[in-house]
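# Understanding the architecture of this molecule
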Amino acid sequence: MRKFRNGLILFATVFIIVHLVFIDYTNLGWSENSGNFLGIFSMVLLIISMVYSNRYEKKIRE
């Protein structure tokens, strides 16, 4: 299960990079970039949850 979580972390990181490429940097308003901002925010939350899940599993094993 840990490999799956690490794979999700890698996928989310790549997804964040892709969204950072597609942001319209000339107009950083919400109306132009709402999808990119929400995608980045959701992937950051996914990374945080997977890291804490890995830590919890490690704590249970010890």
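Our subject in this report is the structure included herewith. Note on numbering: residues in each chain are counted from 1, in written sequence order. Local features in this predicted model are restricted to residues of pLDDT 70 or higher, and side-chain atom pairs are both shown and tallied only at a pLDDT of 80 or more, whereas totals for entire chains, interfaces and linings draw on every residue. To obtain the side-chain values, all non-hydrogen atoms of the structure were included, while hydrogens and water were left out.

### Digging into helix 1 (residues 2-22)
By definition, any uninterrupted DSSP run of H or I lasting at least four residues is a helix, any uninterrupted run of E lasting at least two residues is a strand, and each is numbered from the N terminus. Multiply 1.5 Å by the residue count of a helix minus one, and that product is the helix's expected span. Spanning 21 residues, helix 1 covers 31 Å between terminal C-alpha atoms, matching the ideal 30 Å at 1.5 Å per step. Partly exposed describes any residue whose relative accessible area lies between the buried limit of under 20% and the exposed limit of over 50%, with all areas from a 1.4 Å probe on protein chains only and scaled to the type maximum. Among all positions of helix 1, only Arg-5, Ile-9, Ala-12, Ile-16 and His-19 are buried. Burial along helix 1 is one-sided: seen end-on, the buried residues are contained in an arc of 90°. Residues Lys-3, Phe-4, Leu-10, Val-21 and Phe-22 are exposed on helix 1 and point more than 90 degrees away from its buried face. Contacts were defined at the residue level, with two residues in contact if any of their heavy atoms lie within 4.5 Å. Among the structural elements, helix 2 (30-61) are those in contact with the buried residues of helix 1. Here the arc refers to the directions that run from the helix axis out to each C-beta atom.

### Examining the pattern of salt bridges
Put simply, a salt bridge is a Lys or Arg side-chain nitrogen that is within 4 Å of an Asp or Glu carboxyl oxygen. Under the defined criterion, the tally for this structure stands at 2 salt bridges. Across the pair Arg-5 and Glu-57 runs a salt bridge whose closest N-O atoms are separated by 2.5 Å. One end of the pair, Arg-5, is in helix 1; the other, Glu-57, is in helix 2, and 52 residues separate them in sequence. Given a relative accessible area of 10%, Arg-5 falls into the buried group. For the salt bridge of Arg-61 with Glu-57, the shortest nitrogen-to-oxygen distance reads 2.9 Å. With Arg-61 and Glu-57 both in helix 2 and 4 residues apart, the pair spans about one turn of that helix. Since its relative accessible area comes to 56%, Arg-61 is described here as exposed.

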